[in-house]
Each structure stands twice: as C-alpha cells, then as structure tokens.
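Structure at a glance
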Amino acid sequence: MSLESTATIKGKLAAGLGHKAPRYWSIFQAFLSAKISRNEFDEEIRQCVDTSQLVQLHNALIISIFDPSAHLVPFSPPPDAPKGPPRKRRRLLPYQGPDPHEPTSLRSARLKRWIVGVGRRERERIRNFEPVALTYDKQPRPEEDEIARERGVQLLPERGDPPGSRPALHLASSARGFTLQHITDRINLICAQHNLSAPSKNVSSLMALAFETKLKQLISQALALTTASHAITSIHPSAPHSTGNRLSASAFDTLFTVSPAVLPSRSAAAMRLALGDNEPRDDEVLTSDRREPNEPSWQLLALLRERSAVNQSLQSWRLDLHGPTVRSKLEIAHNARLTNSVLSTSTSFTVPLQSPTVNMVSEQPTVFRWGVISTGQIATAFAKASHRRDYQFLCICIFMLITSINEQDMLVNPKSRDVRDIVHKVVAVGSRSAESAQNFIDKVIGGDNAIKAYGSYAEVYADPDVDAVYIGTPHTYHYVNACEAIKAKKHVLVEKPATTNAAEFKAMTALAREHGVFLMEAMWTRFQPVSRSVRRIIDEGTLGDPVMVHADLSGDFDIDNIPKTHRILDPQLGGGALLDLGPYPLVWAIISLYEQPINNRELPTVSASIVKTPLTGVDRTSTFILTFPPLAAQASLSCSINIPPCNPGATIRFRNGNILIPSPIYCPKSYTVQYFDRPGSGTVEREETVHVSFVGGGWHFQADEVARCVKSGKLESMIWGHDKTLLAMTVFDEVRRQGGYVLPEGVEKVN
Ligand SMILES: NC(=O)C1=CN([C@@H]2O[C@H](COP(=O)(O)OP(=O)(O)OC[C@H]3O[C@@H](n4cnc5c(N)ncnc54)[C@H](OP(=O)(O)O)[C@@H]3O)[C@@H](O)[C@H]2O)C=CC1
Ligand SMILES: O=C1OC[C@@H](O)[C@H](O)[C@H]1O
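Predicted model, so just to flag it, every value in this text is computed and none were measured.

1. Description of the packing of aromatic side chains
- Under the defined criterion, the tally for this structure stands at twelve aromatic pairs.
- Judged by centre distance (4.3 Å) and plane angle (10 degrees), the ring pair of Trp524 and Trp699 falls under stacked. Remark: Trp699 occurs in the loop between strand 17 (684-692) and helix 25 (700-711) and Trp524 occurs in the loop between strand 9 (519-521) and helix 22 (529-540); sequence separation between them is 175 residues.
- Given the relative accessible area of 5%, Trp524 is considered buried.
- An aromatic cluster is present here, built from Tyr24, Trp25, Phe28 and Phe41 joined pairwise through their rings.

In structure tokens:
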C-alpha cells in the first residue's frame, strides 16, 4: 500500500533499481503497449525487483496508478453531499491525480490482478529478502473503507490507534448466522472506538439474546405475511403451530419450507395441509379420506385438493421423489425467491386472508353487541348478514374459492377471516322511522325477531344490551349522534369523516375520554389486509424511504341529474368531494408518510385548491398537497365527484421502487410492488402482485378492531387512533379554507 504520490514512488523505485531501472521501465512500457503478456511481464519484472523493498515499491507504484484513493486525504463526507455524476469507466494511465469517481477500495479485484502475484515459490523467495523497516508505525486500513464510503461513516480511532488498526470484523459466518464470537468481536471494536475497556462476556450474551429476540420478532412478522401462517394455524388439527401467542417450531418450519411464491396453487396453506408435518411417502400425498371426513378442515382440504393447481404441483413433487426431497425442493425454491435468481420479471400470488392480529388461543368468542344508527347505504353494507349456521363457514369458503364474490359483511362468520375471539351481533337498529328500522332487520340482517327495531336513535343509545353504536348518518350528523351515544356511555364507531371539522372532533374525543368509552372513526381501509401488508413492506425498508405519494379517489355521481338535496351535493350535509372521498387518498398518505416513525406524528403542511360546482357551491374537485417536513416527502392527493376513479388509484414512490394500489383505493384487493434495477433508475427489474381475498365487503375488519379494543379496555385504536382522525379533519379544514368552501351557518356545531 502506498500513501505517496506516483512521482515519489517512481523516484524511489528508480533509486532502488539503480542500473536495473532502464530495464524495469522498458518491461513496463512493453507491457503497457501490449508487446508482452501479463505472465511475461510478471516474469521479467521479478528479475528486476529482487528485494522486498523493491517489491513493495513496485506494488505501490501499481496501486498509485490504478487506485488513486491511496493518495487521498482522510474521508469526511459532508452530511448531505450531493451524489456525483454516474461513474464512468476510464483508463487512468498514466496517473493523472486523484479521481473522485474512482472506487476507493484497496480490495478491488481489478487492483489485485495487477499486484505482483505471490505464489508459493515467490513467497519463499520474498521470505529470504532482507527485512526492510516500515516507514510508519501502525499499519491501519485506509482511512475510508467500503462501509465507510457507502454509509458515510467516519471511522473512529481505536483506543488511540488509527481507525481500522484492528482487523475487519464479520457479523456472520458464511454458513450460519452470527455467533457469540462475532458479537463479542464487534462489541470490543465499538468499545475500542469509544476508548472503553473490553466489556464483560455477559454483555455479548445479552446482545446475542436481544438479536435472537428481534430475529424471532422479524420471523413472526414474516410468518404473518406468508399465506401459511394463519390459515394453517387455524385449521391444523393435530400439531398446533402455537401455544398461546408463541410461535412453535412447526410454525418456523412452515416459514422456511413453504413460500407462497413457489406454490402455483396460490395457497401455501393448501400445500402445507396436503403435506402434513412429515414429508410424504410416494403413495401418501393427500389422504383426506383417511382422516375424519366430517372434520371441516379436512373437507376444506379435500376441496383444495380438487383445485387443479394444488393437485398438479403435488403430482410434480411426487414424480421426483428420487431427487431432492419435497422439503429441500421447497427450501431451494424459497431461497431462490429470496435471492431473486429464479423469479420471473412479474410474479403474482394470492395471499388468503390474514387475521389482523395473531389470534392463536382457542377460547369461546366474545359476542360483541352492536346498535346500528341509520338505515342508509353504508349501514346496509356494513351490517349485511348471512345465515349463520355452523356449516356456513365451509359453504362460505367454497363459495369464496369458487367465485371470490360475496356481499355479506360484519355478520359473516368471523372464522372465514380467521378471527376466533369475536363474534358480531346486531341487537338493535335505530332509524328516524320504526318501519325503516324493521325493514332493515328483515331485509338486511336476516329477520331475527330478537333484534330490536327503534323509531329513534336515542332508544338505541339507551338500550342496555348494546355494547357499541355504529353511526352511518350523513357527515354533518356524526358529531351530534356520536356525542349522544357517548353520553349514554356507549362505545362508538362513527363513519368517515368523523365530524365536519377538527374542533368538533376534539370536543368529541374529550367527551369520550370523560365518559371512558372507546371512540373510532370508521376508516375501514386502514384495517384491510392490503393496507396492513403495504405498511409492513414500507417498514421492511427494501424500497427505501417513501418520497412521494400520489392518490386519488373520484367517482361519477352524475351530479347534473341527482337532486340537489342528495348528500353529495347538499352543503347542509357537508356535500362535495372532499369530506366524502378525500379521506381515502388521505389514508394512503397517512399509512405511507404520517405513520413513518421518523415523522413522529408531526402534522403536514397543506397547499390546496378547490373547484366548486355552481349547482350548490360544494367542492366538485379538490386537490391538496401535503408536505411532511421530517421526511422531506410529499403527498399529492385529489378527489372529484364528476369523474370516474383512475387506476392505479394510489402510487407510493420510493427511490428503489413503487407500490401501486389499484382502484378502488378504499378497498383494494391487490397491490403491486415494483423493484428498480438500481436506486433511482426507474427501470423495473422485478414486480410482484399480491392478491388478497376475504369473505364480505371488508368493513368487518374495523368491527373486529372495535370489539378487540373494547374487550381489552382501550379508549382508542392503536391502528387508527384519534391523532389520525384529527389530522384528517385539520387537513380538510385547511383545504376548505384555502379553497373558499364555507359551510352554511349552523352546520359546524363547534368552531
Ligand atoms: N365507509 C364507507 O365505505 C362508506 C361510508 N359512507 C359514509 O356514511 C355516511 C352515510 O352515507 P350513505 O350511507 O351513503 O348515506 P345515505 O343517504 O344512503 O344514508 C344516510 C342515512 O342517514 C340517516 N339520516 C339521518 N338524518 C338524515 C338526513 N338529514 N338526511 C338523510 N339521511 C339522514 C338516514 O337513515 P334513517 O332514515 O334510517 O334514519 C339515511 O338513510 C356518510 O358520512 C359517508 O361518508 C358512505 C358510503 C360508504
Ligand atoms: O366512503 C365512501 O366510499 C365509497 C364512495 O362511493 C362513497 O361515496 C363514500 O362515502
């Protein structure tokens, strides 16, 4: 290694070579002008450089020519140094001074090729050379190394020695994960860099434990992402994957042996069920008939078996039993997926329903009793029931698998979405008319005589059988309705937008706290499987930090032909695009930007513009840009009531790729992740589309959250807490202010 300039080295080399210098330079010249081969060059040069000092000088010269970093001053990256232009390959002969674009590693393969090769004979020859004193005391690694350069890290002195004096450390062996020794070495180095004495062994052990725990946590998150986890856990009859909330060895096994991406059946659960705990024998791949035929899970298995893709893939494993075992084949495929080496450019697989929380404890479900306020469109969609008999689950699964279409929602059997701790029940319906309430009970929720029909909302609030009230009235009624329910000590789920403005929501939350009841805005999108998966992908970090979100929800309400009293046009009902559709583009900005830990719940700044309809003066189209200062990221959001939705409805953009959310963004059934070939290139190297399916319209996920929160004594959801609703209402206030949309006098109950 050289820390001197090429000219200095040349001078020293010339002096050291003495009379051999002309020969040395002519060999050099012959090689550079391609008159002799690399081997000939090595051979000839070795005749001249016959002391270890000359060998060192020769190597130093080569380094100085090919690796100018050897001359650079210590590296101290500016905190936000702009990236230079793309690297160009250049020939650097003769040495023309340091080049900032050149890689600065002394370990580059290119460089190694040029240093005089040290074979066994050569090593022996060099060993016999006269020892030559080094010109500096310590032999540190260069002041900057690859890690330092890539990550902008400045290496620290090590107990007074130059940075890098201690050998480079590995954090993992090639065959296995990190060992205790790796951790001990690493901690020693960190202590050295902070001038601390070596810590006790316990520190390393504790660190190892912490890593392991974190690893398990990561694995369990990953497990939740695989199709295998919940579905298998929920229907595996003999070997439960968990005890309580702990993951068992077989659950880990599932994670590492089955990958949804390699299962053409699109159901890892199916494959895992089919294979059972043991690798199959030739004649024993699917033996559902030998199990208990009346057991619903085995009926489901039989059904899955019939699905040709599962069957075919099982057949192909069977044919190859003399090759690698099924398990190792799956492992290979899984690893291949991890390394992306066998993925086609576009893969697509379906993730069956995942439960929002891992619910592995088998216990009697809690019956959660709802009172529904109003009998309009959304109340109908939310409460829509199926006939809940025991065989219903299987029928639903069959129906779902065959058609993927269904219309029921909160009252479908929660087992269909792997929820076993909660069962929802509507016990009362309140409407402005008793007839409408009864009609709702008969037509929408299956005509159960036990359900009470009330001709007022107040009677629902007063009903002692009601645990929580669902409010589906128009926007401008939410505040009054919710406050009355809260005062009657009912837990509340109130439709979006929770109120007409931020001041109303603040007053509402204060009231809920005062009465000790749970309150949540019905932002159903946030609880759906796609939103949860997208959040996990952002957290996982492969795409980098989100930089920009584009999201739009529009819908053609045929505004020229509907009555001006329709809630979408009537300013008395908070009409317009913003309050009705705006919450959905906003929820994607909240998921991808506001929820980033670094944002630390900071509110964005708002820049907005509104186009009003002359029909009633409500906003026909609203566009608002949110800037999140801690993230240096923006969301460009819009909504309109006289154009159809666009597709994709939301795009979350990162330097390393995009996440695309198809329309309708309030309840997407898939998402696509695009990975660029390199950061910032925009060239999609690989893309994965994940499909989700569940029984029902998708409002039930938020209902589960309400029931679980109430059950555990929470007053607000951790997933869609009051801060997020307050953010939404604050943003909408500001958009209306900037756009000049003033609601009629008296509509806003609190200002
Ligand atoms: N989460 C989601 O997917 C959706 C949410 N929504 C939200 O739900 C709320 C209601 O929307 P939607 O169901 O489409 O509206 P609808 O007009 O279809 O229903 C509203 C219901 O509220 C009751 N109501 C009370 N006061 C009034 C009033 N002055 N005028 C009209 N109705 C009144 C009525 O029930 P009754 O006569 O029985 O008292 C009426 O049926 C809105 O806030 C909207 O944002 C809407 C659609 C989808
Ligand atoms: O919440 C909603 O989602 C779907 C829209 O069509 C509806 O108007 C809105 O309230």
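2. Regarding unusual backbone geometry
- With an omega of -15 degrees, the peptide bond running from Lys496 to Pro497 counts as cis.
- Following Asn647, the chain continues into Pro648 via a peptide bond in cis, with omega recorded as -5 degrees.
- Mapping Pro648 onto the fold places it in the loop between strand 13 (633-640) and strand 14 (650-654).
- A positive phi angle, near 65 degrees, is found at Lys489, a position not held by glycine.

3. Quick word on the nonpolar core
- In terms of nonpolar packing, the biggest core is built from 121 residues, with Trp370, Val426, Ile445, Trp588, Phe624 and Ile659 touching the most fellow members.
- Of the residues forming this core, the biggest block, nine residues, is contributed by helix 24 (residues 583-594).
- Three or more residues apiece are contributed to this core by two domains, here domain 2 (366-521) and domain 3 (529-693 + 727-739).
- Ranked by size, the runner-up nonpolar core spans 19 residues in total, among them Ile27, Ile45, Cys48 and Ile62.

4. A short note on the confidence of the model for the protein chain
- Per-residue confidence for the protein chain gives a mean pLDDT of 73, with 60% of residues at or over 70.
- Under a pLDDT of 50 for its full length, residues 132-153 has, in the predicted model, 41 contacts with residues more than four places off or in other chains.
- In this model residues 302-362 is a low-confidence stretch, pLDDT under 50, and it forms 129 contacts with partners more than four residues away in sequence or in other chains.
- Here the predicted complex scores 0.59 on pTM and 0.99 on ipTM.

Conventions adopted
- Residues numbered from 1 in each chain as written.
- Chains lettered and ligands numbered in written order.
- Predicted model: local features only at pLDDT ≥ 70, side-chain atom pairs only at ≥ 80, totals over all residues.
- Heavy atoms only, no water.
- Phe/Tyr/Trp six-rings, centres within 6.5 Å; stacked < 30°, edge-to-face > 60°.
- Helix = DSSP H or I, 4+ residues; strand = E, 2+ residues; numbered from the N terminus.
- Buried < 20%, exposed > 50% of the residue type's maximum accessible area, 1.4 Å probe, protein only.
- Core = buried A, V, L, I, M, F, W, Y, C linked by side-chain atoms within 4.5 Å.
- Domains from an automatic or database assignment.
- pLDDT = per-residue confidence, 0-100.
- Contact = heavy atoms within 4.5 Å.

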